[in-house]
Amino acid sequence: MSPSPRRLTAAVAALTLASAGVVAFAAPAAAASGDLFISEYVEGSSNNKAIEIYNPSTAAVDLAASGYALKQYSNGSPSAGLTIPLTGSVAPGDVYVLAHGAADGAILAVADQVTGTTTGLYNGDDAVALVKADVIVDVIGQIGVDPGTEWGTGLTTTANHTLRRNASVLTGDTDGTNPFDPAVEWTGYASDTFDGLGSYGSDPEPDPDPVADCAATPATIGSVQGSGAATTIPGQDVLIEGVVVGDFQTGGYDGYYVQDGGDGDAATSDGVFVYAPGGAAVNAGDSVSVAGAVKEQFGLTEIVAADVEVCSTGNPLPAAVPLTLPASVSQREALEGMYVTLPQNLAIGETFEYGRFGTITLTNGRLDTPTAVVEPGAAAVALAAANLENSITLDDGRGTQNPDPAIHPDGDVFTLDHSFRSGDLVQNATGVLDYRFDAWGVQPTEGADFTVANPRSEVPEVGGDLKISSFNVLNYFTSIDPTPANSNDDSYFRGADTAEEFQRQQDKIVSALADIDADVFGLLEIENNGTAVQALADALNAKVGAGTYVPVTTGVIGTDAIATAIIYKQASVAPVGAHLLMTSAVDPTWSDERNRPGLTQRFASTETGEEFVVSVNHLKSKGSACAESPDLGDGQGNCSAVRTAAAKALTTWLNTTVAPDGRAIVIGDLNSYDHEDSIDAFVAGGFTDLEKQFNGEHAYSYVFDGQLGYLDYALAQPALLADVSGVSAWHINADEPSLIDYDMSFKLPAQDALWAPDPYRSSDHDPVIVGLNLTPPDTTDPTIEVTADPSTVFPPNNKMRTVQFSIDAADDSGEDVTVELTDVTATGSSKATWEQIDDDTFEVKAVKGAVYRFTWTATDAAGNTASDTVEVVVGK
């Protein structure tokens, strides 16, 4: 149980006041009986979440035997999404603290029970109920009601605040359905206030604040930081002095970084973050004396300032320490909080969180997703570790979400005309190295040097007379989410939240599709309502011409919210037979629960009649677990066996039933990188990975965690492979920052205005484009005519005579033909001989009666041949 000596001291004080005739509120322990109730609620930053439960009775309570548990109701849900049975016992008048397993050390120090470090627990818009034998004995919030973000206002709210039950409250709220206003029974405190946790009914006595003093001898910052991953003196008051090297008092960090002259130990950092919300303003170059308590805040050592004194101003900053990649964790720990620079030309890797949090990832060259270049297992694990050492975050010095304006890595404002892409280069990024949100990053104090190294490109040229394209359109839903603030229905309504967002999304997708101009599109993440694909075809036709594209009509297929779909140019191709679906009805090893039904259609070219099969597939993602196929830690993520079983089922079906002629192509989002087991299964089934064949090992269509690879495939059977003229991903999405996409959920108006109706960031996957040559086979022979000058040699004087040949060869294709001398014979005399002078000049011996026959053969590009023979006769 959590000790509560301060509560006992307060109770004694209350009795003393009463004996003197003074009326005072006693601690709730004075209650003679009653069920447990919630006495404190902490919903702070990150995982700083805890519930304190008070026992007002005169007897100890066995929590498990009594059936006590904590239930969480998410976002207005009427049903509990999480139930945590409580264990142990609570003494009379004592408290019991349940805490998140990844909470601050000050919380964990008084916790009696902790959850797993990955447990969601609760947020400010969730209801939390204490139940006894499944009967509610107390509740925070209103079950079945979504408040938006929180209940309450000001300090007294359920989001990012601490609530303490007023001492006059002796029983819990047993009605989980009544309106909840925390101000009625609770007092609110600032975010991450933990000092009263574990001691309900008394106010903790504050320790005297330490005092800054420029004349005093400070501790070295290195002694505060220590040489390990965390400070060895958490909670201790210290006095340090140094120069402010990074001022981030505004923008959400509420503090600044101070660096001293060093302690001579290269393993200890000479800089530290000073957390000073609402404190006196300081500036870079100020020398400051800081007194306060040492704290380890989610991996970042900081000093919580109690007093600050500016000792001098205008001091030069220390020289920025070069930090080069790769860099190990220990190398970074030794520089935490210090003024650093990144001298290398680093590539921009990940940009996904740039719009919402202002961060990008810089990498030492463009990094490959491990299983995109090496086999799963030890090699992939080793490469993943190396990738971490070769990457670092470049932040924007702000801790607020949706920062405005967005700042370009060079320090200027990001605009559509001053943008960047993954693969562009950043050099000399300079600022302070810190650790936030489980990532090492530089908080910049100036703009970096920037070079465009990965400019936007036009639609790739893939050749051929017909194009196929695979395109994941990122949840194109014509059904607009009716309750965008309620996440309970987000598993179905996955697309736009408003009509404006939908139009922005559709304009970008249509722009990309029109530019690609494929004859057959295989589409992924289309709403599975039977009508969304027609809506997209109609929108595309409005841009490229009425009736250009028509969908393969399938209706609703499968049970998932999204489906695969096909649209095609009816002037170019025509369906042959009905569409087919790959499901467990075809092969029981195919998991309908995990994979979307594979959509397959045979087509014929309207010009040549040549047939081919397109199979569009979207296999199980890595993002959620499969109990039957867990993550094995080999780099393939969740559900690899599910995807591999699907690949084997699909190849067998196509090879034996659908396309025994060998003219099928599998396209789509297979959620596997090309060295993984499922892609090996396709290759073993006779399919060729076209992206690897045409673009090599480092081809990509997707960027995740700053690493390249492709999940979007084109895999061809042997007979169709002969017709493939080219393959390429068009990098319009993976390299573009999500800030410019259609979504308006996490953007301020200035960032919403960065949208444009162009193809760029129309999705998060790049489309893959395949060119096919489907012209009829060339069976026409070329023509060839040969003449000799002279064709008659006279007189027969046994001397060598020159003969010049003229060769005229052509092919109806208009392409060049190859001509070669394939035979020479000499008859009529045993003395007849000849000699070649050059390609078309020969000498023959003028022997009486000799006949020389020269044969040339012409070969066209298709391998068709034709020959012509000309005679040279000696004599009249």
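Residues numbered from 1 in each chain as written. Predicted model: local features only at pLDDT ≥ 70, side-chain atom pairs only at ≥ 80, totals over all residues. Heavy atoms only, no water.

## Points about the state of the cysteines
Evaluated as defined, the whole model comprises two disulfides. Disulfide pairing places cysteine 214 opposite cysteine 311 at an S-S distance of 2.0 Å. Taking the torsion about the S-S bond as the criterion, the cysteine 214 to cysteine 311 disulfide, at about -95°, is left-handed. Note that cysteine 214 is positioned in the loop between strand E14 (186–189) and helix H4 (221–225) and cysteine 311 in strand E19 (residues 300–312), a separation of 97 residues in sequence. Take cysteine 214: its relative accessible area is 23%, and that puts it in the partly exposed class. Looking at cysteine 311, the relative accessible area reads 29%, which means it is partly exposed. A sulfur-sulfur separation of 2.0 Å characterises the disulfide bridge that pairs cysteine 626 with cysteine 639. (Disulfide = S-S within 2.5 Å. Helix = DSSP H or I, 4+ residues; strand = E, 2+ residues; numbered from the N terminus. Buried < 20%, exposed > 50% of the residue type's maximum accessible area, 1.4 Å probe, protein only.)

## Looking at helix H11 (residues 640–658)
Under the 1.5 Å per step criterion, the end-to-end length of H11 is 25 Å for 19 residues, consistent within 8% with the ideal 27 Å. The complete set of buried residues in H11 reads Ser640, Val642, Arg643, Thr644, Ala646, Ala647, Ala649, Leu650, Thr651, Trp653, Leu654 and Val658. Along its buried surface, H11 packs onto strand E34 (573–582), strand E35 (598–605), strand E36 (611–618), strand E37 (664–669) and helix H12 (677–684). (Expected span 1.5 Å × (residues − 1). Contact = heavy atoms within 4.5 Å.)

## Focus: the nonpolar core
Of all hydrophobic cores here, the largest spans 58 residues; its most connected members are Leu362, Leu523 and Ile526. If you tally residues by element for this core, the top one is helix H9 (residues 499–516), at seven residues. Apart from the residues lying within four places of it in its own chain, the contact partners of isoleucine 526 are Val473, Tyr476, Ala532, Val533, Leu536, Ala561, Ile562, Ala563 and Ala565. Of all hydrophobic cores here, the second largest spans 31 residues; its members include Val90, Tyr122, Val128 and Val131. (Core = buried A, V, L, I, M, F, W, Y, C linked by side-chain atoms within 4.5 Å.)

## A few points about the pairing of strand E42 (residues 724–729)
The buried fraction of E42 amounts to five of the six residues, a majority that puts the element mostly inside the structure. When E42 meets strand E43 (residues 768–772), the two strands line up antiparallel, connected through five bridges. Bridge pairing links valine 724 to leucine 772 in E43. (Pairing = 2+ DSSP bridges.)

## Some remarks on the environment of valine 793
Mapped onto the elements, valine 793 comes out in strand E45 (residues 792–793). Sequence spacing of valine 793 and lysine 848 is 55 residues, and the spatial spacing of their C-alpha atoms is 9.4 Å. Setting aside anything within four residues of it in sequence, one finds valine 793 in contact with Arg801, Val844, Ala846, Val872, Val873, Val874 and Gly875.

## Some remarks on the side chain of asparagine 387
By the element assignment, asparagine 387 lies in helix H8 (residues 378–389). Not counting the four nearest positions on each side in its chain, asparagine 387 is found in contact with Leu367, Asp368, Pro370 and Gln707.

## Describing the packing of H9 against helix H10 (residues 532–544)
As a packed pair, H9 and H10 sit with axes 9 Å apart at the nearest point and diverge in direction by 65°. Relative to H10, the crossing made by H9 is right-handed. Residues Gln506, Ile509, Val510, Ser511, Leu513 and Ala514 of H9 touch H10, and the partners they reach there are Ala535, Leu536, Ala539, Leu540, Lys543 and Val544. A class-by-class count of the residues in the contact of H9 with H10 yields nine nonpolar, two polar and one charged. (Axes fitted to C-alpha atoms, helices over the stretch in contact; angles between N-to-C directions. Left-handed = near helix turned anticlockwise from the far one by under 90°. Nonpolar A, V, L, I, M, F, W, Y, C, P; charged D, E, K, R; others polar.)

## Section: H10
In this model H10 runs 18 Å from its N-terminal to its C-terminal C-alpha over 13 residues, within 8% of the 18 Å that 1.5 Å per residue would give. Those residues of H10 lying buried are Ala532, Val533, Leu536, Ala537, Ala539, Leu540 and Asn541. Buried residues belonging to H10 abut strand E30 (466–476), H9, strand E31 (520–527), strand E32 (549–551) and strand E33 (562–569). Positive phi appears at glycine 545, one or two residues downstream of H10, with a value of about 130°.

## Examining unusual backbone geometry
Between aspartate 404 and proline 405 the backbone carries a cis peptide bond, its omega angle lying at 0°. Tracing the sequence through the fold places proline 405 in the loop between strand E25 (391–394) and strand E26 (425–427). In this structure, the amide linkage connecting phenylalanine 794 to the following residue, proline 795, adopts the cis form with an omega of 0°. Of note, proline 795 is situated in the loop between E45 and strand E46 (800–810). Phi is positive for aspartate 254, close to 55°, though the residue is something other than glycine.

## Side note on the environment of histidine 618
In this structure, histidine 618 sits in strand E36. Sequence separation between histidine 618 and asparagine 541 is 77 residues; the distance between their C-alpha atoms is 25 Å. Among the polar contacts made by the side chain of histidine 618, one reaches the side chain of aspartate 669 at a distance of 3.4 Å. (Polar contact = N/O pair within 3.5 Å; in protein donor to acceptor, adjacent residues only side chain to side chain.)

## Observations concerning the pattern of salt bridges
Across all of its chains, the model carries 28 salt bridges by this definition. Where aspartate 195 meets arginine 164, a salt bridge forms, and the shortest distance between an N and an O atom there is 2.5 Å. In this pair, aspartate 195 is assigned in the loop between E14 and H4 and arginine 164 in strand E13 (residues 161–165), connecting sequence segments 31 residues apart. Look at arginine 164 and you get buried, because its relative accessible area is 12%. (Salt bridge = Lys/Arg side-chain N within 4 Å of Asp/Glu carboxyl O.)

## Regarding the packing of aromatic side chains
Inspection of every chain in the model, using the stated rule, returns 28 aromatic pairs. Considering the side-chain rings of phenylalanine 805 and phenylalanine 854, the 4.7 Å spacing of their centres and the 55° angle between planes classify their relative orientation as tilted. Here phenylalanine 805, found in strand E46, pairs with phenylalanine 854, found in strand E50 (residues 851–859); they are 49 residues apart in sequence, far enough to count as distant. You can call phenylalanine 805 buried: its relative accessible area is 2%. (Phe/Tyr/Trp six-rings, centres within 6.5 Å; stacked < 30°, edge-to-face > 60°.)

## Some remarks on the side chain of arginine 398
By the element assignment, arginine 398 lies in the loop between E25 and E26. What makes arginine 398 buried here is its relative accessible area of 16%. Within polar-contact distance, the side chain of arginine 398 engages the side chain of aspartate 396 at 2.9 Å. In contact with arginine 398, not counting residues within four places along its chain, are Gly251, Tyr253, Phe357, Pro403, Asp404, Pro405, Ala406, Ile407 and Gln443.

## What to know about the confidence of the model for the protein chain
Summarising the model, the protein chain shows a mean pLDDT of 92, and 95% of its residues fall at 70 or more. Long-range and interchain partners of residues 1–33, a stretch whose pLDDT sits below 50, account for 48 contacts in this model, where long-range means more than four residues apart. (pLDDT = per-residue confidence, 0-100.)

## A closer look at the sheet that holds E14
What the six strands build is an open sheet, ordered E8-E7-E2-E1-E13-E14; its pairing is mixed. Looking at the sheet topology across the chains shown, the edges are occupied by strand E8 (113–114) and E14.

## Focus: the packing of H11 against H12
The geometry of H11 relative to H12 is characterised by a closest axis approach of 8 Å and an angle of 15° between their N-to-C directions. The orientation of H11 with respect to H12, classified from their angle, is roughly parallel. Once H11 is placed against H12, the crossing between them reads as right-handed. Packed against H11, whose contacting residues are Ser640, Arg643, Thr644, Ala647, Lys648, Leu650 and Thr651, the element H12 presents Asp677, Ser678, Ala681 and Phe682 at the interface. Class assignment for the residues of the contact of H11 with H12 results in four nonpolar, four polar and three charged. (Parallel < 35°, antiparallel > 145°, perpendicular 65-115°, else oblique.)

## Side note on the pairing of strand E7 (residues 95–99)
Counted residue by residue, E7 has five buried out of five residues, so it is predominantly covered. Here E7 shows no split at all, with Val95, Val97 and Ala99 on one side and Tyr96 and Leu98 on the other all buried. Bridge count between strand E2 (residues 49–54) and E7: five bridges; the pairing is antiparallel. Across the sheet, the residue bridging to tyrosine 54 is valine 95, located in E7.

## Description of the sheet that holds strand E47 (residues 818–827)
Strand order across the open sheet formed by four strands is E45-E51-E50-E47, with mixed pairing between neighbours. Two strands lie at the open edges of the sheet, namely E45 and E47, each paired on one side alone. Bridge count between E47 and E50: nine bridges; the pairing is antiparallel. Residue pairing in the sheet places valine 824 in a bridge with phenylalanine 854 of E50.

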